Amino acid sequence: MWEVLSALPVRGILTGLSLGSRLFLLALGLSLIFGVLDVLNFAHGALYMVGAYVTISAATSVLDNFWVAVLAATLAVGVLGAVIEMGIIRRVYDRGQLDQLILTFALVLIISDLTRTIWGAGSYTMAQPELLRFNVSVGGSPYPAYRLFIIVAGFVAMAAFWYVLQRTYVGQLVRATSNDRDMAAMLGVDVPRLYTAVFFVGSALAGMGGALAAPLQAVTPGMGDQVIIDAFVVVVIGGLGSFVGAFVGAMILGLLRSTGVLVVSGAGLFLPFVAMILVLIFKPQGLFGGEVE
């Protein structure tokens, strides 16, 4: 009994990091799109939901392989995001953010209704991938290997994006365009194509987050509603446009959610919002806010 009790803080931290890693994939795409396109995409949570549904459908009927289904869902949601950007979002770049929020909120309603039409209003569940369907001993208590994989995936995603943005030519284009779109266009950057590519990547990250979350929670038409609220809390804490801030904010939220209950019953629900309020009061731009970095 003592071993189980002593492992609770460690398990709580690991659970928080697992939740934070899933939120990071979503918040990273949200922050990337805002940092480069200056569009606050309220429909990002709906894309996360679509990623989960596509994964379940592909893994259980068409592809019969979880990892291939995750890849298919990631690409499918990325393509959906690119189509949305070219056909809809591109028309409101020069308008205020209020128009953009209204438009993307309308997309939430449309995508949610289409989801209900295709998959119904019920909930779906799926088993964790067979390759990771085992437990790892943490302080003498078993902990699911799949959740540990999610943590590793979050850290790998952070390292990969840091490398791309800081060490590659593509990253230079993204940072230059986020700082001054007009100057980048004058220097020969194909800004519309870059915007579409960024929206593709951001949407694909949302789809990947939903795909990886499918074995961990019930997949329902409303699953994107709560997660987009969490994603906005993350980017407010970390700073809009900063992928480092998205990572730190996601981990802070995940840890507050998982360990807050160890301090006060129900604290995990309101502590993230307390943290967000404190950041808004003392550092309105967020901990790392300002621009893509």
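Residues numbered from 1 in each chain as written. Predicted model: local features only at pLDDT ≥ 70, side-chain atom pairs only at ≥ 80, totals over all residues. Heavy atoms only, no water.

### Some points on the environment of Ser 141
Structurally, Ser 141 can be placed in strand 2 (residues 141-144). The exposure class of Ser 141 is buried, given its relative accessible area of 8%. Each C-alpha atom of the pair Ser 141 and Arg 11 lies 8.5 Å from the other, and the pair is 130 residues apart in sequence. (Helix = DSSP H or I, 4+ residues; strand = E, 2+ residues; numbered from the N terminus. Buried < 20%, exposed > 50% of the residue type's maximum accessible area, 1.4 Å probe, protein only.)

### Some remarks on a nonpolar patch on the surface
Residues Phe 270, Val 274, Ile 277, Leu 278, Ile 281 and Phe 282 make up a contiguous nonpolar surface patch of roughly 620 Å² in combined accessible area. For Phe 270, the position within the fold is in helix 11 (residues 267-282). Phe 270 gets classed as partly exposed once you look at its relative accessible area, which sits at 44%. (Patch = residues over 30% accessible without salt bridge, like charges linked within 9 Å, V, L, I, M, F, W, Y side chains within 5 Å. Areas by Shrake-Rupley, 256 points an atom, 1.4 Å probe, with all protein chains shown as cover. Salt bridge = Lys/Arg side-chain N within 4 Å of Asp/Glu carboxyl O.)

### Notes on the pattern of salt bridges
Under the criterion given, the structure shown has four salt bridges. Across the pair Arg 116 and Asp 113 runs a salt bridge, and its minimum N-O distance is 3.9 Å. You can see Arg 116 and its partner Asp 113 sitting in helix 4 (residues 97-119), three residues apart, about one turn around the helix. Take Arg 116: its relative accessible area is 39%, and that puts it in the partly exposed class. Owing to a relative accessible area of 46%, Asp 113 belongs among the partly exposed residues under this scheme.

### Quick notes on the side chain of Ser 203
As for its position among the elements, Ser 203 is in helix 8 (residues 191-213). Not counting chain neighbours up to four residues away, the residues in contact with Ser 203 comprise Ile 33, His 44, Leu 47, Val 77, Gly 78 and Gly 81. (Contact = heavy atoms within 4.5 Å.)

### Observations concerning the packing of aromatic side chains
Scanning all chains against the criterion turns up eleven aromatic pairs. Aromatic pair Tyr 93 and Tyr 195: ring centres 5.2 Å apart, planes at 80°, arrangement edge-to-face. Here Tyr 195 lies in helix 8 and Tyr 93 lies in the loop between helix 3 (66-87) and helix 4, a separation of 102 residues in the sequence. Both residues of the pair, Tyr 93 and Tyr 195, count as buried. (Phe/Tyr/Trp six-rings, centres within 6.5 Å; stacked < 30°, edge-to-face > 60°.)

### Some thoughts on the environment of Val 36
Examined against the element boundaries, Val 36 turns out to sit in helix 1 (residues 2-37). Val 36 sits 108 residues away from Pro 144 along the chain, and the two C-alpha atoms are 37 Å apart.

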